[in-house]
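# Breakdown of the fold
What follows is each chain in one-letter form.
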Amino acid sequence: MIDFLDEVRHDINLAKAEKKYLQYSIQSLSSQVDTLIDENDSNEREFTCIINLLLQRRNKLEQKIRYCKLQRREQNEELSETEHKISCLSELEILKGPLDFGKFPEEIRRMILEWTLVQDSLIYIRLHCPTSHRLRKLAIFQTSKQMYAEAVAVFYRQNKFAMDGTNLERFLFPARVNYVRHLSLHLDSDISITKVLQAIERCQDLRSLRICLVSVPRFQGRAKCNEERMRLLRFKRPTALAQISTEVDRSSPLKMILESLRCTLQSILERGGFEKPLRKSSRLDSHCTGKSNVSAGR
């Protein structure tokens with residue numbers, strides 16, 4: 001019995017020793033796991049920093065590539081322009097004897113005409129004024145048929161014109177009407193609003209229109225225009241006409257009347273006509289007529 005107890009005690013001691021060894025092993029393994037986890041976290045942080053740096057570098061490279069492409073496109077455009085200028089200048093060098101404007105390249109002729117005829121400010125047309133713009137600068141129109149055709153296109157397309165409505169019909173004769181793009185008109189009591197709208201309809205390339213009411217214009221013949229007559233007007237708007245503005249002259253004593261006419265005129269120019277609302281009396285008449293027709297049918 002004593003020997004058995006000794007063996008049991010011996011086994012217990014061995015088991016305790018093995019337990020201590022296992023606990024020590026577990027602790028060492030736990031410390032190793034913690035160390036590996038820390039290393040892994042630090043590696044992940046390092047990899048994240050490296051990836052962010054690589055992404056930033058890629059973005060910078062993409063920006064440089066876009067900039068280089070833009071520079072290359074601009075340089076190609078400049079190169080093509082330079083080559084075109086060289087070709088034009090080489091053509092000019094070939095010319096011999098007295099200069100003939102008609103032999104210049106088309107782009108050179110257009111540049112000369114624009115420099116001569118186009119201005120930034122409004123051109124006021126006064127057909128009876130001897131100091132008019134056309135007498136000072138438009139002598140170039142009389143040099144040749146080719147010059148006239150090219151100068152008319154440049155002058156009337158690229159300039160902005162202002163005039164009284166009485167001069168509009170004479171200004172828009174067939175050689176000009178297809179080129180005029182910008183008009184500013186002043187309408188007074190000597191002007192027929194009907195004729196003005198008819199003249200504007202012929203300007204198919206018109207882009208901007210400004211009308212200033214100085215006084216009450218005429219309607220047809222000598223009849224003065226009022227709001228009821230104005231609403232009868234119809235206007236076929238040119239397809240290219242995008243900017244329309246109307247205003248009343250500040251110095252006019254008829255501001256209230258003119259403002260009413262201006263609103264109606266603006267509606268006509270934008271919509272092609274004024275939509276007149278149905279009056280109550282006409283509604284009653286139609287209602288009564290409908291009743292009488294029903295009773296007659298019965």
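Look a little higher up for the structure.
Residues numbered from 1 in each chain as written. Predicted model: local features only at pLDDT ≥ 70, side-chain atom pairs only at ≥ 80, totals over all residues. Heavy atoms only, no water.

## Examining the overall build of the chain
Secondary structure assignment for the chain yields 10 helices and five strands. By the burial criterion, 27% of the 298 residues in the chain qualify as buried. Sequence separation of 24 or more characterises 67% of the internal contacts of the chain that already satisfy a separation of 6 or more. Carbon and sulfur atoms make up 55% of the accessible area of the chain, which amounts to about 21,700 Å² in all. (Helix = DSSP H or I, 4+ residues; strand = E, 2+ residues; numbered from the N terminus. Buried < 20%, exposed > 50% of the residue type's maximum accessible area, 1.4 Å probe, protein only. Contact = heavy atoms within 4.5 Å. Areas by Shrake-Rupley, 256 points an atom, 1.4 Å probe, with all protein chains shown as cover.)

## Brief notes about the packing of helix H2 (residues 106–117) against helix H4 (residues 145–158)
Viewed as axis vectors pointing N to C, H2 and H4 meet at an angle of 55 degrees, and their least axial separation amounts to 10 Å. Our classification of the angle between H2 and H4 gives oblique. As H2 packs across H4, the resulting crossing turns out to be right-handed. Along its contact with H2, which presents Arg 109, Leu 113, Glu 114 and Leu 117, the element H4 presents Gln 146, Met 147, Glu 150, Ala 151, Val 154, Phe 155 and Gln 158. (Axes fitted to C-alpha atoms, helices over the stretch in contact; angles between N-to-C directions. Parallel < 35°, antiparallel > 145°, perpendicular 65-115°, else oblique. Left-handed = near helix turned anticlockwise from the far one by under 90°.)

## Structural notes on a negative patch on the surface
A cluster of acidic residues, Asp 34, Asp 38, Glu 39, Asp 41 and Glu 44, forms a negative patch at the surface. Its place among the elements puts Asp 38 in helix H1 (residues 2–94). Residue Asp 38 is classed as partly exposed on the basis of its relative accessible area, which comes to 49%. (Patch = residues over 30% accessible without salt bridge, like charges linked within 9 Å, V, L, I, M, F, W, Y side chains within 5 Å. Salt bridge = Lys/Arg side-chain N within 4 Å of Asp/Glu carboxyl O. Lys, Arg positive; Asp, Glu negative; His and termini not counted. Charge placed at Lys NZ, Arg CZ, Asp CG, Glu CD.)

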